[in-house]
Amino acid sequence: MEGSDEDEPAGASSQSDQHMTTTSRHHFGNARDSGDAFSITIIESMKEDYGLFVWPCSVVLAEYVWQQRSRFLGASVVELGAGTSLPGLVAAKLGSDVTLTDNAVRLEVLDNMRRVCDLNELKCEVLGLTWGMWDAAVFNLKPKIILGADVLYDTNAFDDLFATVTFLLQNTLGSVFITTYHNRSGHHLIEFLMVKWGLKCVKLLDGFSFMPSDKASGLSGSIQLAEIVLNCEPVK
Ligand SMILES: C[S@@+](CC[C@H](N)C(=O)[O-])C[C@H]1O[C@@H](n2cnc3c(N)ncnc32)[C@H](O)[C@@H]1O
């Protein structure tokens, strides 16, 4: 499988407006060999705000979604801390029913998600979802697959994130949380919290082990991908 990520500066009007935005285009599959290849265009802030920048973990998770595409056809997917939302948009392109979420108070991030959906002609729900908070809308989410790229970066927020993930996993029998994170994020703490919240890791990959070389060359650091499920499925 081949693909590439390239920054494509938006036109002068886009760069000079008050939002200081730029766009990047991300390719999946090889257009020469397969009819199912596509690209996703992302609007980013040139100010590199946390939720308005495509972080490397997002590029790795999006590639994984593409490579695991048979799992995503018709699946209900929720992306947590989605920011610019590349993995969720790839899932939507592959036929998932996607809800993109980010911190409920980050209205500029949520607005950017709506713009990016429109730009790529994808219909996704956009929802403010702050980890560890239980707004009514959270109770209606029944994702088969939960995605989270670079959401394990602030150890103070780990417990809230795991609380939300555990709640969502309990809401749908057989669901899975697929996350990518930098090793610096504290794997021991993640292991401790999985035990605390009754979760287990069923797959742990070096993020670079499945990346095409042209995409991997643009990334740095040590990125892990984990698939996490409930340790014991509740009886429903
Ligand atoms: C490092 S960025 C990653 C963004 C995107 N997933 C990516 O990889 O490009 C972390 C994201 O988590 C979101 N976030 C941080 N704390 C949060 C919280 N308590 N509840 C929900 N989202 C949160 C931020 O707004 C931001 O979009």
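Cut-offs applied
- Residues numbered from 1 in each chain as written.
- Predicted model: local features only at pLDDT ≥ 70, side-chain atom pairs only at ≥ 80, totals over all residues.
- UniProt positions renumbered as here; feature names shortened; annotations may be inferred.
- Helix = DSSP H or I, 4+ residues; strand = E, 2+ residues; numbered from the N terminus.
- Buried ≥ 20, exposed ≤ 12 C-beta atoms within 10 Å, placed from the backbone.
- Contact = placed C-beta atoms within 7 Å.
- Pairing = 2+ DSSP bridges.
- Axes fitted to C-alpha atoms, helices over the stretch in contact; angles between N-to-C directions.
- Right-handed = clockwise from strand over helix to strand, strands pointing away.

Per an unreviewed UniProt entry, the protein chain goes by the name Methyltransferase-like protein 23 and belongs to Vitis vinifera. According to its UniProt record, the protein chain has this under Sequence similarities (unreviewed entry): "Belongs to the methyltransferase superfamily. METTL23 family."

## Things to note about the overall build of the protein chain
When its secondary structure is counted, the protein chain shows eight helices and ten strands. Taken across its 236 residues, the protein chain has 38% of its residues classed as buried. Summarising the internal contacts of the protein chain: among those between residues at least 6 apart in sequence, 68% fall at separations of at least 24.

## Quick word on the sheet that holds strand β4 (residues 76-79)
Two modes of strand pairing occur in sheets, parallel and antiparallel, and in both the strands are linked by backbone hydrogen bonds. An order of β6-β5-β4-β7-β8-β10-β9 is seen for the seven strands of this open sheet, with the pairing classed as mixed. Since the sheet does not close on itself, it has two edges, and those belong to β6 (125-128) and β9 (199-206), each with one partner. Between one strand and the next, the sheet's axes are offset by a mean angle of 20 degrees, whatever the strand orientation. Pairing of β4 with strand β7 (residues 145-149) involves three bridges; the strand directions are parallel. Opposite Val78, over in β7, you have Ile146 as the bridge partner. Seen against the sheet, helix α4 (residues 107-119) touches β5 (97-102) and β6 and runs at an angle of roughly 175 degrees to β6.

## Some details on the pairing of β5
Side chains on a regular strand alternate between the two faces of the sheet. Of all six residues that make up β5, five are buried, and the element is covered over most of its length. Where β4 and β5 come together, four bridges link them in parallel fashion. Its bridge partner being in β5, Ser76 is matched across the sheet by Asp97. Tracing the backbone out of β4, into helix α3 (residues 86-93) and back to the parallel element β5 gives a crossover that is right-handed. As paired strands, β5 and β6 are joined by four bridges and run parallel to one another. For Thr101, the partnering residue across the bridge sits in β6 and is Leu127. Handedness of the crossover is the feature at issue here: the chain leaves β5, passes through α4, returns alongside β6, and the resulting connection is right-handed.

## Description of the pairing of strand β10 (residues 223-230)
Where strand β8 (residues 176-182) and β10 come together, six bridges link them in antiparallel fashion. Opposite Thr179, over in β10, you have Ala226 as the bridge partner. The sheet contact formed by β9 and β10 spans seven bridges and is antiparallel. The residue bridging Cys201 from the neighbouring strand is Ile228, located in β10.

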